[in-house]
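Each chain, letter by letter, is given below.
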Amino acid sequence: MRMRKKKNLDERIDAVSSYILDTSSDERDFNKAIEEKAFSSCRNLVSIIVDENNTAYEDIDGNLYTKGGKELLQYSNGKKETEFVVPDGVTKVGAYAFY
C-alpha cells in the first residue's frame, strides 16, 4: 500500500503504528499490520493505494479495506466529498475509519 505525500520509507516495514505517521509523509510502503489508529492524524490524506499483490489489504476508491473488501479500515480524510456510501459487501466499519 502506498500513501503519497513527501518522504520515502523502507519497503520492509511490517507494521504501522499511529506514532510513526504524520502529515509530512510522501510515500510509504506498508505490508502486513496496520494499527487501527494509524491514520488518525493524517487529515490531508486524499488516497490510499494498495499494491494488488498485498495479501492483507486492498483499496477501493482510495480508501483502505481488508482484502476482499469486507471491512472498511480507513476513509481518506482529506477527500473533499461531502457524502460517502459504504460499498455493498462491507460487513464491518473499523472503529477509527473516519478519524
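Please refer to the structure placed before this passage.
What you see is a predicted model, and the numbers here were worked out from it, not measured in a lab. For every chain, the first residue of the written sequence is number 1, and numbering continues from 1 onward in sequence order. In keeping with the predicted nature of the model, local features appear solely for residues at pLDDT of at least 70, side-chain atom pairs appear and are counted solely at 80 or more, and the whole-chain, interface and lining totals rest on all residues. Excluded from the side-chain calculation are hydrogens and water; included are all heavy atoms of the structure.

1. What to know about the overall build of the protein chain
In plain terms, the rule: Counting from the N terminus, the helices are DSSP H or I runs at least four residues long and the strands are E runs at least two residues long. Residue burial is assigned from relative accessible area. The probe radius is 1.4 Å, only protein chains are included, and a residue is buried under 20% of its type maximum, exposed over 50%, and partly exposed in between. Note on contacts: a residue pair is in contact if any heavy atoms of the two residues lie within 4.5 Å. Here the accessible surface of atoms and residues is derived via Shrake-Rupley with a 1.4 Å probe, and residues count as covered only by protein chains that are part of the display.
Each helix and strand in the protein chain was counted, giving zero helices and nine strands. Shown N-terminal to C-terminal, the secondary structure of the protein chain runs as helices and strands in the order β-β-β-β-β-β-β-β-β. A burial count over the protein chain gives 36% of its 99 residues as buried. Within the protein chain, residue pairs in contact and separated by at least 24 positions form 32% of the contacts whose partners lie at least 6 positions apart. Total accessible area on the protein chain stands at roughly 6,100 Å², and carbon and sulfur atoms take up 47% of it.

2. Examining the sheet that holds strand S8 (residues 71–74)
The criterion, for reference: Any two strands are treated as partners once DSSP identifies two or more bridges connecting them.
Within the open sheet, the four strands sit side by side as S6-S7-S8-S9. Their pairing is mixed. Lying at the two open borders of the sheet, with one neighbouring strand each, are strand S6 (57–60) and strand S9 (92–93). Where strand S7 (residues 63–66) lies against S8, two bridges are found, and the strand directions are antiparallel. Note on S8: the bridge partner recorded for Leu64 is Gln74.

3. Topic: unusual backbone geometry
Within the chain, Asp61 stands out as a residue other than glycine whose phi angle is a positive 50 degrees. Inspection of the secondary structure puts Asp61 in the loop between S6 and S7.

4. Re the pairing of S7
Side-chain alternation along S7 places Asn63 and Tyr65 on one buried face and Leu64 and Thr66 on a second face that is also buried. Inspection of the sheet shows S6 paired to S7 by four bridges, in the antiparallel sense. Bridge assignment links Tyr57 to a residue of S7, and that residue is Thr66. The turn joining S6 and S7, which pair antiparallel and follow one another in sequence, is formed by two residues; a positive phi near 50 degrees is taken by Asp61. The turn joining S7 and S8, which pair antiparallel and follow one another in sequence, is formed by four residues; a positive phi near 100 degrees is taken by Gly68.

Distances and angles like these do not, on their own, reveal function.
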